[in-house]
Amino acid sequence: MKIVIATSEAVPYAKTGGLADVTGSLMKEYISLGKDAYLFLPLYRIIKDRFSLNDTGLNIKVNLVGRLINSRILSIGKRVFLIECDDFFDRNELYGTPFGDFHDNAERFIFFSRAILEALMKMGLRPDIIHCNDWQTAMIPLYLKTVYNNDFFKKTSTVMTIHNMGYQGIFEMEKFGLTGLGWEWFNMEGIEFYGRINLLKAGLISADIITTVSNHYATEILTPEYGHGLDGVLRKRAKDLKGILNGIDIEEWNPETDRLISGNFNSNDISKKQKCKEALVRECNLTSIIKKAPVICFIGRLSKQKSVDLLFEAAGKIVNLGAGLIIFGRGDAELEAMVSNLKDIHKGRIFVRLGYDEAFAHRVYAGSDIFIMPSRYEPCGLGQMIAMRYGTIPVARKTGGIADTIEDYNPLSDSGTGFLFEGLNINDMLCSIRVAVTLFSCKDRWYGLIKRAMEKDFSWKRSALRYIDLYESLSKKKSF
Ligand code: ADP
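The rules behind these values
- Sequence order as written defines residue numbering, which begins from 1 separately in each chain.
- Only residues with pLDDT of at least 70 get local features here, since the model is predicted, and only at 80 or more are side-chain atom pairs given and counted; chain-wide, interface and lining totals rely on the full set of residues.
- Note that the side-chain values use all heavy atoms of the structure and ignore hydrogens as well as water.
- Secondary structure counts use DSSP, requiring at least four H or I residues in a row for a helix and at least two E residues in a row for a strand, with both numbered from the N terminus.
- As defined in this context, the radius of gyration uses C-alpha atoms, and a globule is described by 2.2 Å times the residue total to the power 0.38.
- Each residue's exposure class comes from its accessible area (1.4 Å probe, protein chains only) as a fraction of the maximum for that residue type: buried when under 20%, exposed when over 50%, partly exposed otherwise.
- Contact definition: two residues touch when any of their heavy atoms are within 4.5 Å.
- For the area figures, the Shrake-Rupley method with a 1.4 Å probe applies, and any residue is considered shielded solely by the protein chains shown.
- Helix span, as expected, comes to 1.5 Å for every residue beyond the first.
- What the arc measures is the spread of directions leading from the helix axis to the C-beta atoms.
- For this description, a residue counts as near a given molecule or strand if any of its non-hydrogen atoms is within 4 Å of it.
- In protein, a polar contact requires one atom able to donate a hydrogen and another able to accept it; more generally it is a pair of N or O atoms within 3.5 Å, and residues adjacent in sequence count only if both atoms are side-chain atoms.
- Polar here means any residue outside two lists: the nonpolar Ala, Val, Leu, Ile, Met, Phe, Trp, Tyr, Cys and Pro, and the charged Asp, Glu, Lys and Arg; Gly therefore counts as polar.
- In this description, the term disulfide denotes a pair of cysteine sulfurs within 2.5 Å.

Draft legend 1. Focus on the overall build of the protein. Of the regular secondary structure elements, the protein holds 18 helices and 20 strands. Expected size for 480 residues packed as a compact globule is a radius of gyration near 23 Å; at 23 Å, the protein falls within 12% of this value. Judged by the C-alpha coordinates and their principal axes, the protein covers about 70 × 45 × 45 Å. For the protein, the proportion of its 480 residues judged to be buried stands at 59%. For the protein, contacts bridging at least 24 residues in sequence account for 71% of all contacts bridging at least 6. Summed over its atoms, the accessible surface of the protein is roughly 19,600 Å², and 51% of this surface lies on carbon and sulfur atoms.

Draft legend 2. Examining helix α12 (residues 333-345) more closely. In this model, α12 (13 residues) spans 19 Å end to end at C-alpha, consistent with the 18 Å of a helix rising 1.5 Å per residue. All buried positions along α12 are accounted for by L335, E336, V339, S340 and L342. All buried residues of α12 lie within an arc of 140° about the axis, which places them on one face of the element. Relative to its buried face, α12 has exposed residues pointing more than 90 degrees away, namely E334 and I345. On its buried face, α12 sits against α11 (308-320), β16 (324-329) and β17 (350-354).

Draft legend 3. Geometry of the site of the ligand. Surveying the vicinity of the ligand reveals 18 residues, the closest of which are G18, R301, K306, G355 and Y365. Between K15 and the ligand, the recorded distance is 3.4 Å, taken from a side-chain N or O atom to an oxygen atom. Between a nitrogen atom of the ligand and a main-chain N or O atom of D357, the distance comes to 3.1 Å. Taken by itself the ligand offers 570 Å² of open surface, and the protein chains cover 91% of this. Taken together, the elements giving at least two residues each to the shell around the ligand come down to α1 (18-32), β16, α13 (358-367) and α14 (383-389). A class-by-class count of the residues in the shell around the ligand yields six nonpolar, seven polar and five charged.

Draft legend 4. Main features of the state of the cysteines. Under the criterion given, the structure shown has zero disulfides. In this structure C284 is a free cysteine whose sulfur lies 9.7 Å from that of C297, the closest cysteine sulfur available. The buried category is assigned to C284, whose relative accessible area is 2%. Looking at C380, it has no disulfide partner, and the nearest cysteine sulfur is the one in C297, 18 Å off. Classification of C380 as buried rests on a relative accessible area of 1%.

Below you can see the structure in the form of structure tokens.
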């Protein structure tokens with residue numbers, strides 16, 4: 001069975017968020033399971049700068065409304081293929097700057113989706129499965145039913161994974177022509193969306209199977225509250241919608257062997273976690289926090305989805321509990337500016353770092369005591385799983401994958417792996433933080449919490465096997 005993963009980002013090549021972790025880890029898992037899998041990515045500047053590339057000698061031409069774009073297919077090793085188009089991808093960022101998306105994202109990813117299909121034909125690589133991810137590659141399933149409905153792809157099935165309903169690839173109607181589809185697709189049953197076009201919708205109406213990254217989120221997105229306007233489309237396909245929980249790369253995120261942190265530890269001996277904490281407190285200049293108070297951290301995109309606005313409002317009250325607070329991430333310019341101010345207002349108690357830095361993320365996960373994740377919605381969320389693996393206890397809003405991965409602490413049975421709250425408001429969040437901070441001083445109970453959290457199995461293997469089962473059942477259907 002030949003599997004193609006079509007994605008706009010994948011670790012270790014290019015990453016802006018969890019999507020890259022998922023596609024990169026799945027690929028790694030498939031290879032270790034001996035599967036015949038291939039990864040297709042755009043050739044971004046960051047990949048050119050950091051990897052040595054081979055020219056496959058193959059060129060393709062992609063027709064983008066009369067504009068014939070020539071593109072080379074490059075590779076890294078035998079299984080990772082890069083679509084070159086410098087006009088579109090030789091830029092510093094993947095999708096846009098903090099001030100907004102690139103104006104030509106429709107062109108860039110419609111091109112990319114078609115280029116993958118052209119490349120497969122040129123390479124003679126007939127996939128049994130094309131696994132598409134988010135709006136950037138969501139045109140592929142629809143293309144296979146229209147423009148590329150040909151003999152070459154007759155055995156190909158498609159899986160469309162939704163990593164985040166909040167990003168749908170919505171563009172002005174004028175961009176419809178770029179798709180090369182007939183106008184019969186510009187209506188409610190097609191990819192029209194309130195007078196505009198919606199690329200994710202292409203995948204939702206035409207993929208053989210739709211998956212999303214947790215069971216909880218799979219039910220949430222059928223409701224108007226979480227469906228972002230596509231819940232009706234999804235309800236029609238509810239029987240083809242499955243939740244498969246993401247995992248994390250347990251080799252990259254392993255406190256026992258991690259070379260990026262000050263001391264290694266495991267669930268039976270967490271003594272070196274204290275060393276990581278001391279180093280982090282020094283690095284972040286948290287000089288005014290109470291000795292023995294917990295360090296609370298936020299790591300993630302600074303976006304409304306992650307409730308950074310709530311965190312900003314509650315920050316003063318959090319540090320009044322004696323705790324230190326680290327806010328680390330990058331994202332919307334407005335939120336970046338807002339949280340940036342906090343470190344001057346609460347000098348020595350709040351540390352804010354804007355930017356993207358994997359090594360620093362490791363140090364923060366390892367050295368903190370509590371991980372705060374008040375997300376408005378969270379398809380799966382990787383941060384809470386990574387934090388638990390490093391014995392950093394999550395305080396998180398019970399939504400999406402958070403509900404599937406964190407077991408709420410129960411003081412009566414002294415069980416659970418974190419603290420959950422439901423209301424999307426400061427009071428509920430602060431209430432949970434207070435409980436966590438109080439429990440932090442009950443050393444036996446806190447250690448029990450750490451041990452249980454660290455021993456949870458969040459490895460990819462289980463999820464990868466579920467995807468493989470799905471692929472196999474699809475390809476069996478096609479061969480009948
Ligand atoms: P998202 O909605 O952004 O995909 P997830 O929780 O699913 O959120 O995944 C976020 C991933 O990105 C995690 O691996 C997290 O550690 C990482 N990450 C987020 N922000 C940063 C940053 N500023 N620097 C390094 N890694 C980051």
